[in-house]
Amino acid sequence: MPTYQKTYPFRRGDTFAATCTYKQAGVAVPITTQEIKSQLRTESGKLVCDFLVTVNPNQTTYPGQFTLTLANPALTETFPAPADLFCDIQVKQNGSIISTSTFIIPTVMDITR
């Protein structure tokens, strides 16, 4: 199995929000016509969720910035835990699709509910 970069652990049931920046050759690029998608899956490929992508409306001050969240934040209560969940971010621009490297979001049980 390939080696994947891991994020910090996410606690099931907590609010998920990840702010990201779209870059080309290491430089932040304003999001104008690009379509961005992202999903979270189990190691076997089962879909856990589709992320909602919200582009920062101020692409002049915050070029390339967008946030991944869930349309229904309560959905995180159903995330498998403990588990390593797999994610990537896909950008479609001018008919081409480019995906980031796959990364792992370790999901752990929440203690305080």
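Residues numbered from 1 in each chain as written. Predicted model: local features only at pLDDT ≥ 70, side-chain atom pairs only at ≥ 80, totals over all residues. Heavy atoms only, no water.

Enquirer: Before we go on, may I ask you to explain the pairing of strand β6 (residues 35-41) in this structure?
Expert: Across a regular strand the side chains alternate sides, sitting on one face of the sheet and then on the other. Here β6 shows one buried face, formed by I36, S38 and L40, and one open face, formed by E35, K37, Q39 and R41. In terms of strand pairing, β6 meets strand β10 (residues 83-93) through seven bridges, oriented antiparallel. Considered in β10, the bridge of L40 is made with C87. In this antiparallel pair of consecutive strands, β6 and strand β7 (residues 47-50), the connection spans five residues, and G45 shows a positive phi of 100°. (Buried < 20%, exposed > 50% of the residue type's maximum accessible area, 1.4 Å probe, protein only. Helix = DSSP H or I, 4+ residues; strand = E, 2+ residues; numbered from the N terminus. Pairing = 2+ DSSP bridges.)

Enquirer: What exactly am I supposed to notice about the state of the cysteines here?
Expert: Here, the word disulfide means a covalent bond between the sulfur atoms of two cysteines. Applying the stated rule across the entire model yields zero disulfides. C87 supplies the cysteine sulfur nearest to C20, a cysteine that is in no disulfide, at a spacing of 8.2 Å. Unpaired in terms of disulfides, C49 finds its nearest cysteine sulfur in C87, a separation of 7.7 Å. For C49, a relative accessible area of 3% translates into the label buried. (Disulfide = S-S within 2.5 Å.)

Enquirer: Which parts of the structure should I look at to understand the sheet that holds strand β9 (residues 65-69)?
Expert: Judged by pairing direction, the sheet is antiparallel, and its three strands sit side by side in the order β3-β9-β8 without closing on themselves. On the outer flanks of this sheet lie β3 (18-21) and β8 (52-55), each paired with one strand and no other. This sheet shows a mean twist of 30° between the axes of neighbouring strands, independent of strand direction. Alignment of β8 against β9, held across four bridges, turns out to be antiparallel. (Axes fitted to C-alpha atoms, helices over the stretch in contact; angles between N-to-C directions.)

Enquirer: Just to check I follow, could you spell out the environment of G45 for this structure?
Expert: Among the structural elements, G45 can be located in the loop between β6 and β7. Accessibility expressed as a relative area gives 32% for G45, which makes it partly exposed. For the pair formed by G45 and R11, sequence separation is 34 residues and the distance between their alpha carbons is 21 Å.

Enquirer: Explain unusual backbone geometry here, please?
Expert: Glycine aside, residues mostly have negative phi angles, and peptide bonds mostly take the trans form. Note the cis peptide between A81 and P82, where omega equals -5°. Looking at the secondary structure, you find P82 in the loop between β9 and β10. Phi is positive for A25, which is not a glycine, with a value near 55°. A residue is classified by how much of its surface remains accessible, and A25, at 84% relative accessible area, is exposed. Unlike most non-glycine residues, N94 shows phi in positive territory, near 50°. Tracing the sequence through the fold places N94 in the loop between β10 and β11 (96-99). Among the residues examined, N94 registers a relative accessible area of 72% and is labelled exposed.

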